Amino acid sequence: METFLGALDFLRDNPGLIWEKVLQHLQLSAAAIGVALLIAIPTGVILGHLHKGSFLAINAANIGRALPSLALISIGLGLLGVGFVNVMVAMVILAVPPLITNAYVAVDQVDPDAVEAARGMGMRPIQVLTKVELPLALPLVFAGIRTAVVYVIATGTLAAIAGGGGLGDIIFNQPSYRLAGVVAGSMVIAALAFAAEGLFAVLQRGLTPKGIRGGKRPTEVLLGPPANEPAANVGV
């Protein structure tokens, strides 16, 4: 209890420091998510539309989950040096698996009757994708985005190890900020993760067509091999 109260005192006494580190943390997280979205969402959507490339989606997810972010940052030190870019690349690699997996499965598993009906109405392939498949796939795609955002925010504390800044500067510097500062920084990270989850939940609901809104939240897909393809050795 004393440690918790000390953390609250730290937050009260150091608003400028906390705000500065929060902004650095959010800048790093936003950059990593932005790059990951540009890479993963188009790739997953196109593969899902073509109903091909499940091997790529499966192995992207498995490899991304298997690579420790700390190891990626350490390797990046030799290639990219110390600083923002090194950590951002590691966070991008962390964010891509849930994004590409959910985007692929969301489009690939759209009701084939809806797709056939759209084609029967004379829609071109790009119209089928943008007017039928993407709207129906949106809830599951957003579930992957929410998962990736929480991953990146929570793991962004490792940025301090490579000079990337953020709240990790407080959490990994107990000699300067003492235990109260470490706990305070951890509390702020948890609050940011919960806030991001809530924000993207609201965005997901607002962007999902009313006709397919459901009461249960779609979750991140743990992708397995489709029925018409040979089984793969899938890790979770």
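About the cut-offs
- Residues numbered from 1 in each chain as written.
- Predicted model: local features only at pLDDT ≥ 70, side-chain atom pairs only at ≥ 80, totals over all residues.
- Heavy atoms only, no water.
- Salt bridge = Lys/Arg side-chain N within 4 Å of Asp/Glu carboxyl O.
- Buried < 20%, exposed > 50% of the residue type's maximum accessible area, 1.4 Å probe, protein only.
- Helix = DSSP H or I, 4+ residues; strand = E, 2+ residues; numbered from the N terminus.
- Arc of directions from axis to C-beta.
- Contact = heavy atoms within 4.5 Å.
- Phe/Tyr/Trp six-rings, centres within 6.5 Å; stacked < 30°, edge-to-face > 60°.
- pLDDT = per-residue confidence, 0-100.
- Patch = residues over 30% accessible without salt bridge, like charges linked within 9 Å, V, L, I, M, F, W, Y side chains within 5 Å.
- Areas by Shrake-Rupley, 256 points an atom, 1.4 Å probe, with all protein chains shown as cover.
- Axes fitted to C-alpha atoms, helices over the stretch in contact; angles between N-to-C directions.
- Parallel < 35°, antiparallel > 145°, perpendicular 65-115°, else oblique.
- Left-handed = near helix turned anticlockwise from the far one by under 90°.
- Nonpolar A, V, L, I, M, F, W, Y, C, P; charged D, E, K, R; others polar.

## Some remarks on the pattern of salt bridges
Step number 1: Per the counting criterion, the structure on display carries five salt bridges.
Step number 2: The partner of Arg 12 in a salt bridge is Asp 13, with the nearest N and O atoms 3.2 Å apart.
Step number 3: The class for Arg 12 is exposed, based on a relative accessible area of 57%.
Step number 4: The shortest N-O distance in the salt bridge between Glu 116 and Arg 119 comes to 3.1 Å. Note that Glu 116 and Arg 119 are positioned in helix α6 (residues 112-120) at a spacing of three residues, about one turn of the helix.
Step number 5: Classification of Glu 116 as partly exposed rests on a relative accessible area of 48%.
Step number 6: Each of Asp 9, Arg 12 and Asp 13 takes part in salt bridges that share partners, so that together they form one network.

## Here we look at helix α4 (residues 69-80)
Step number 1: Buried within α4 we find Ser 69, Leu 72, Ile 73 and Gly 76. All buried residues of α4 fall inside an arc of 95 degrees around its axis, so they share one side. The exposed set on the far side of α4, more than 90 degrees from its buried face, consists of Ile 75 and Gly 78.
Step number 2: Where the residues of α4 are buried, they touch α5 (84-108) and α7 (125-155).
Step number 3: Directly beyond the C-terminal end of α4, a positive phi value near 80 degrees is found at Gly 81.

## Topic: the packing of aromatic side chains
Each aromatic ring pair is specified by the distance between its two centres and by the angle formed by the two planes.
Step number 1: Taken as a whole and judged by the stated rule, the model has two aromatic pairs.
Step number 2: The interplanar angle of 85 degrees and the centroid separation of 6.0 Å between the aromatic rings of Phe 10 and Tyr 177 together place this pair among those described as edge-to-face. Taken together, the positions of Phe 10 in helix α1 (residues 2-13) and Tyr 177 in helix α9 (residues 174-207) put the pair 167 residues apart, joining distant regions of the chain.
Step number 3: Among the residues examined, Phe 10 registers a relative accessible area of 10% and is labelled buried.

## Brief notes about the confidence of the model for the chain
Step number 1: Predicted confidence across the chain gives a mean pLDDT of 80, with 84% of residues reaching 70 or more.
Step number 2: Taken element by element, the predicted model of the chain shows its lowest mean pLDDT in helix α3 (residues 54-66) (69) and its highest in helix α2 (residues 15-50) (90).
Step number 3: Across residues 222-236, confidence stays below pLDDT 50; counting only partners more than four residues off in sequence or on other chains, it has 26 contacts.

## Notes on a nonpolar patch on the surface
Step number 1: A surface patch of nonpolar side chains, amounting to about 620 Å² of accessible area, comprises Ile 75, Leu 79, Leu 80, Phe 84, Val 85, Val 89 and Ile 93.
Step number 2: For Ile 75, the position within the fold is in helix α4.

## What to know about the packing of α4 against α5
Step number 1: As a packed pair, α4 and α5 sit with axes 9 Å apart at the nearest point and diverge in direction by 140 degrees. With respect to α5, the axis of α4 lies oblique. Remark: the crossing between α4 and α5 carries right-handed chirality. Contacts between α4 and α5 involve Ser 69, Leu 72, Ile 73, Gly 76, Leu 77 and Leu 80 from the former and Val 85, Asn 86, Val 87, Val 89, Ala 90, Met 91, Ile 93 and Leu 94 from the latter.
Step number 2: In the contact of α4 with α5, the residues fall into eleven nonpolar, three polar and no charged.

## What about the packing of α2 against α9?
Step number 1: One way to put it is that α2 packs onto α9 with a least axis distance of 12 Å and a crossing angle of 45 degrees. One way to sum up the angle between α2 and α9 is to call them oblique. When the axes of α2 and α9 are compared, the crossing they make is right-handed. Seen from α2, the contacting residues are Leu 17, Ile 18, Val 22, His 25 and Leu 26; seen from α9, they are Tyr 177, Val 188, Ile 189 and Leu 192.

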